[in-house]
Amino acid sequence: MIRRLTIALWAAVALFAAPSMSLALENGLARTPPMGWNSWNKFACKGLNEKVVRETADQIASNGMKDAGYEYVIIDDCWQTGRDPQGNIVVDAEKFPSGIKALADYVHSKGLKFGIYSDAGTMTCAKRPGSIGHEYQDARQYAAWGVDYLKEDWCNTLPNQNSESSYTLMREALKASGRPIVFSICEWGSTKPWLWAGPVGNLWRATPDIQDCWDCKRTWGGGGVTQILDLMDGIESYAGPGHWNDPDMLEVGNGGMTTEEYRTHFSMWAIFSAPLLAGNDVANMTAQTKEILLNKEVIAIDQDTLGQQGRRVKKMGDTEIWSKQLADGGRAVALVNRGKAAGKITVAWNDIGYPAGLSATVRDLWAHKDETAKGSFTAEVPSHGTVMVRLKF
Ligand code: GLA
């Protein structure tokens, strides 16, 4: 009798505990980090228009990016101008004379998906209308247009507006729309979203806005690649399939960093299991930019199905070792040199949880070469560069 009562009690506890124990948004999307392109980093408000977006979709579909996994074509801030008397969002007709539905159809016709941007407050960061009070109406409209991805920003929110409840409201609105829509939370890490956003969004910005520079902390919070590296350290355990920490979009190819620095940027985003959203002018990119964005071996690390965010396992002055566990039992390792001079960096198997006696195949993911090593691996790493390897034991 007592035993039966105990079992019943445990069953009841399990029933009540289950919903809050669910760590990921159960919409079945973004099982690996989303990949695609977003208009903001290159085109911002001024340069955004439907011609740019169509040309970008054409390029992605034909230049190898689609084959490499880039899928979502996302328009960021400045596509909207106001609301009509019924509260429907009004599209900027100068920038998008054919309307959003036609643009989404066009993107879909290329075998790609279409994403859009809004804001949880009264106005977006560029002072276009936000979604507050219109969440269900907007979500219905996005679904009718064929939107597959929503990024929701956090500018011009009300005093004391709660991030978790605001984003939960939009999550419910998207769900009610009946269309599968990836939900990207963008409150810049300001309320530690990794602590609450797992069941709310598919990804959440964990950092302020990326700047197209290597090391450049801005007073308002934005920063370069090295600032973001430090902010991503320590929040690994909150990410996984369907719910990712987002260190912001890629700057690769925008001109503010060297090729070596952009390689580090891309390598580290893969170690982070970060969304890979190109942010450059893909219709006019250099061979070096293309080589970085299309490095399928690095992309495979980002898209690894285990979905573990890599972690910094060692910091020795200006040099660092980051390691990411992979689904095949191996490890991706990034040897990062933040210093001004080239230098050697060694990763010992012990640093990444393997016994020193083992031999491993070491695949260099930028040189595309294999070698065998026992106990440790050493590489000469250029200033601001990264040697990224895939180890198989
Ligand atoms: C914020 C976001 C950026 C971008 C701009 C648009 O700064 O963090 O990613 O969307 O707004 O105004």
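Values in this document were obtained by computation on a predicted structure and should not be read as measured data. (Residues numbered from 1 in each chain as written. Predicted model: local features only at pLDDT ≥ 70, side-chain atom pairs only at ≥ 80, totals over all residues. Heavy atoms only, no water.)

### Remarks on the packing of helix α3 (residues 50–62) against helix α5 (residues 99–109)
It is the contact of α3 with α5, at a shortest axis distance of 10 Å, that shows an interaxial angle of 10°. On the basis of the axis angle, α3 is roughly parallel to α5. In this structure, α3 meets α5 at a crossing whose hand is right-handed. Judged by residue contacts, Glu50, Val53, Arg54, Ala57 and Asp58 of α3 engage Gly99, Ala102, Leu103, Tyr106 and Val107 from α5. (Axes fitted to C-alpha atoms, helices over the stretch in contact; angles between N-to-C directions. Helix = DSSP H or I, 4+ residues; strand = E, 2+ residues; numbered from the N terminus. Parallel < 35°, antiparallel > 145°, perpendicular 65-115°, else oblique. Left-handed = near helix turned anticlockwise from the far one by under 90°. Contact = heavy atoms within 4.5 Å.)

### Side note on the packing of aromatic side chains
On inspection of all chains with the given rule, the structure shows 10 aromatic pairs. With 5.3 Å between their ring centres and 50° between their planes, Tyr72 and Tyr149 make a pair best called tilted. Residue Tyr72 is located in strand β2 (residues 72–74), and its partner Tyr149 is located in strand β6 (residues 149–153); the two are separated by 77 residues in the primary sequence. Feature note: the residues Trp154, Tyr167, Phe183 and Trp196 constitute an aromatic cluster, connected by ring pairs. The lysine or arginine in question, Arg54, covers the ring of Tyr106, its NZ or CZ lying 4.7 Å from the ring centre. Above the face of the Trp366 ring, Arg263 is positioned so that its terminal group lies 5.6 Å from the ring centre. (Phe/Tyr/Trp six-rings, centres within 6.5 Å; stacked < 30°, edge-to-face > 60°. Lys NZ or Arg CZ within 6 Å of the ring centre and 35° of its normal.)

### Some details on the environment of Val90
With respect to the helices, strands and loops of the structure, Val90 is situated in strand β4 (residues 89–91). Considered as a pair, Val90 and Gly357 are 267 residues apart in the sequence and their alpha carbons are 65 Å apart. Discounting residues that sit within four places of it in the chain, Val90 has contacts with Trp79, Gln80, Thr81, Gly82, Arg83 and Asp84.

### Some remarks on the nonpolar core
Counting 81 residues, the largest nonpolar core has Tyr70, Ile75, Trp79, Ile116, Phe266 and Trp269 as its most contacted members. Ranked by residue count, the leading element in this core is helix α9 (residues 259–271), at six residues. Residues from two domains meet in this core; each of domain 1 (23–302) and domain 2 (311–392) gives at least three. Among residues more than four places away in sequence, those in contact with Phe266 are Tyr70, Leu250, Val252, Leu276, Ile292, Leu293, Asn295, Val298, Ile299 and Trp366. The next biggest cluster of nonpolar side chains, apart from the first, holds 17 residues, and it includes Leu335, Val347, Tyr354 and Val381. (Core = buried A, V, L, I, M, F, W, Y, C linked by side-chain atoms within 4.5 Å. Buried < 20%, exposed > 50% of the residue type's maximum accessible area, 1.4 Å probe, protein only. Domains from an automatic or database assignment.)

### Looking at the domain arrangement of the protein chain
Domains assigned within the protein chain are domain 1 (23–302) and domain 2 (311–392). Computed from C-alpha atoms alone, the centre-to-centre distance between domain 1 and domain 2 is 30 Å. Opposite the 26 residues of domain 1 that make contact, domain 2 presents 23 residues. Carbon and sulfur atoms supply 59% of the area buried between domain 1 and domain 2, which totals about 2100 Å² over both sides. The tally of links between domain 1 and domain 2 comes to five salt bridges. The partner of Arg311 in a salt bridge is Glu236, and the shortest N-O contact between them spans 3.7 Å. (Buried area = accessible area lost by both parts, 1.4 Å probe. Salt bridge = Lys/Arg side-chain N within 4 Å of Asp/Glu carboxyl O.)

### Re unusual backbone geometry
A positive phi angle, near 45°, is found at Ala44, a position not held by glycine. In this structure, Ala44 sits in the loop between α2 (40–43) and α3. The partly exposed category is assigned to Ala44, whose relative accessible area is 27%. A positive phi angle, close to 95°, is found at Cys78, a residue other than glycine. Positionally, Cys78 belongs in the loop between β2 and β3 (80–83). What makes Cys78 buried here is its relative accessible area of 0%.

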